[in-house]
Amino acid sequence: MMVFDFSNKNALVVGAGSGIGKAIALQLADNGANVWCGDISDAGAAGAVREMSEKHGAKYGYSVCDAAKSESVAALFGEAKAAFGEISIVVNSAGVFMPKRLLEASPEDIKTHLDVNLMGIVYGCRLALETMIAQGGGGKILNIASVGGRQGEAKSPYYALGKSAVINWSQSVALYGAPYGINCNTVCPGIIRTPMWDVILEADNGGGDAGKEALFDEIVRARTPLGRAQTAEEIAYAAVFFCSDYAGAIVGQALNVDGGDKLN
Ligand SMILES: NC(=O)c1ccc[n+]([C@@H]2O[C@H](COP(=O)([O-])OP(=O)(O)OC[C@H]3O[C@@H](n4cnc5c(N)ncnc54)[C@H](O)[C@@H]3O)[C@@H](O)[C@H]2O)c1
């Protein structure tokens, strides 16, 4: 069922190979958009394109891309534009988690982590702005941060650092883009049982698989007034709204979709 009408809109989703990014790509496609996927995982991006194509026909494609490398993100945009012509929706969802405490992480760990979670979004937004302005303006940019960016974290301070910077950066992008009719906003997910959580649960569980899901449930209960985890589809509902014309007056906002974990 189409809720939004993205017919004739071309979208680029970075990090579309799994989890939240994939759910956003699929919902954009379900609502009529042509979608180009970027991901470091060839199998992940190909899988997303296969799912969309099986449902809606051959309007999709993908590039293998490392969001941490500006030239790789530029190549992704080039391939998407070569395939689609114009791009009017860009979603930056690629991310990694580093469960290292403040003094445990090496400078190299910190750089590798921020290169993906922060610089990847910086490169994606700059290219999105350049592309949309060159097209004559108009467009939607949506970044995926985290409620982890709403305050400091003891267990994952560099994840919190990157995500808080994404919220701030998205406001700067929004202010730059607004005079051109370009909206930039952020969604901050809470807890979603995607593959990213394997890293968190394995670290907290001493490396083993046993008890991982019980630990996940315990973390959800402790952190979530609503009493349950969120789904990737629930994050995508909010994301797709921000990509729609209904969100035309929303500039530089960050929305928590977290079952009540953080209220600001
Ligand atoms: N799952 C959660 O609970 C949660 C909570 C808050 C925020 N988030 C954020 O949501 C976003 C998506 O995470 P997810 O939970 O879907 O995780 P996921 O692991 O399922 O998906 C992340 C995707 O990013 C891709 N990726 C990783 N490094 C990349 C790189 N260098 N270049 C290109 N692609 C790369 C992966 O291959 C994967 O397809 C991330 O930014 C994450 O920080 C997730």
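Look a little higher up for the structure.
Parameters and conventions
- Every chain is numbered independently, its residues counted from 1 as its sequence is written.
- A pLDDT threshold of at least 70 governs which residues receive local features in this predicted model, and a stricter bar of 80 or more applies before side-chain atom pairs are shown or counted, although totals over entire chains, interfaces and linings include all residues.
- No hydrogens and no water enter the side-chain calculation; it runs on all heavy atoms of the structure.
- A molecule or strand has a residue near it when one of that residue's heavy atoms lies within 4 Å.
- Distance and chemistry together define a polar contact, namely a pair of N or O atoms within 3.5 Å, with one atom able to donate a hydrogen and the other to accept it when in protein, and with adjacent residues in sequence counting only for side-chain atoms on both sides.
- Within this scheme a cavity is a closed region of a 1 Å grid, computed over the protein atoms alone, that accommodates a 1.4 Å probe without allowing it to escape, whereas a pocket is open but has protein on both sides within 12 Å along at least five of seven lines; lining residues each have an atom within 4 Å of a point.
- Here the criterion for a molecule occupying a pocket or cavity is that more than half of its atoms lie within 2 Å of the pocket grid points.
- Each helix is a run of H or I in the DSSP string that is no shorter than four residues. Each strand is a run of E no shorter than two, and both are numbered from the N terminus.
- We call Asp, Glu, Lys and Arg charged. Ala, Val, Leu, Ile, Met, Phe, Trp, Tyr, Cys and Pro are nonpolar, and the rest, Gly among them, are polar.
- Domain delimitation follows an automatic or database domain assignment.
- In what follows, salt bridge is the name for a side-chain nitrogen of Lys or Arg lying within 4 Å of a carboxyl oxygen of Asp or Glu.
- When accessible area is computed with a 1.4 Å probe and restricted to protein chains, residues below 20% of their type maximum are described as buried, those above 50% as exposed, and intermediate ones as partly exposed.

Draft legend 1. Geometry of the site of the ligand. The environment of the ligand is made up of 28 residues, and the closest members are Ser18, Asp39, Tyr159, Thr194 and Trp197. In the model, an oxygen atom of the ligand is placed 3.1 Å from a nitrogen or oxygen of the Ser93 main chain. At a separation of 3.5 Å, an oxygen atom of the ligand approaches a polar backbone atom of Gly190. Structurally, the ligand is housed in the largest pocket. Mapped by element, the contributors of at least two residues to the shell around the ligand are helix H1 (19-30), helix H5 (157-177) and helix H6 (196-204). Within the shell around the ligand, the residues separate by chemical class into 16 nonpolar, 9 polar and 3 charged. Looking at the shell around the ligand, you find at least three residues from each of domain 1 (10-191 + 230-257) and domain 2 (193-229).

Draft legend 2. Up close: the pattern of salt bridges. Scanning the entire structure with this criterion turns up 14 salt bridges. One salt bridge in this structure joins Lys9 and Asp245, with 3.6 Å as the shortest N-O distance. Here Lys9 is found in the segment before strand S1 (10-14), whereas its partner Asp245 is found in the loop between helix H8 (232-242) and strand S7 (254-257), with 236 residues between them in sequence. Judged by relative accessible area, which is 24%, Lys9 ranks as partly exposed. For Lys155, the salt bridge is made with Asp204, and the minimal N-O distance between the two is 3.5 Å. In this pair, Lys155 is assigned in the loop between strand S5 (139-144) and H5 and Asp204 in helix H6, connecting sequence segments 49 residues apart. Judged by relative accessible area, which is 36%, Asp204 ranks as partly exposed. Here the salt bridges do not stand alone but share partners, grouping Arg193, Asp198, Glu202, Lys212 and Glu213 into one network.

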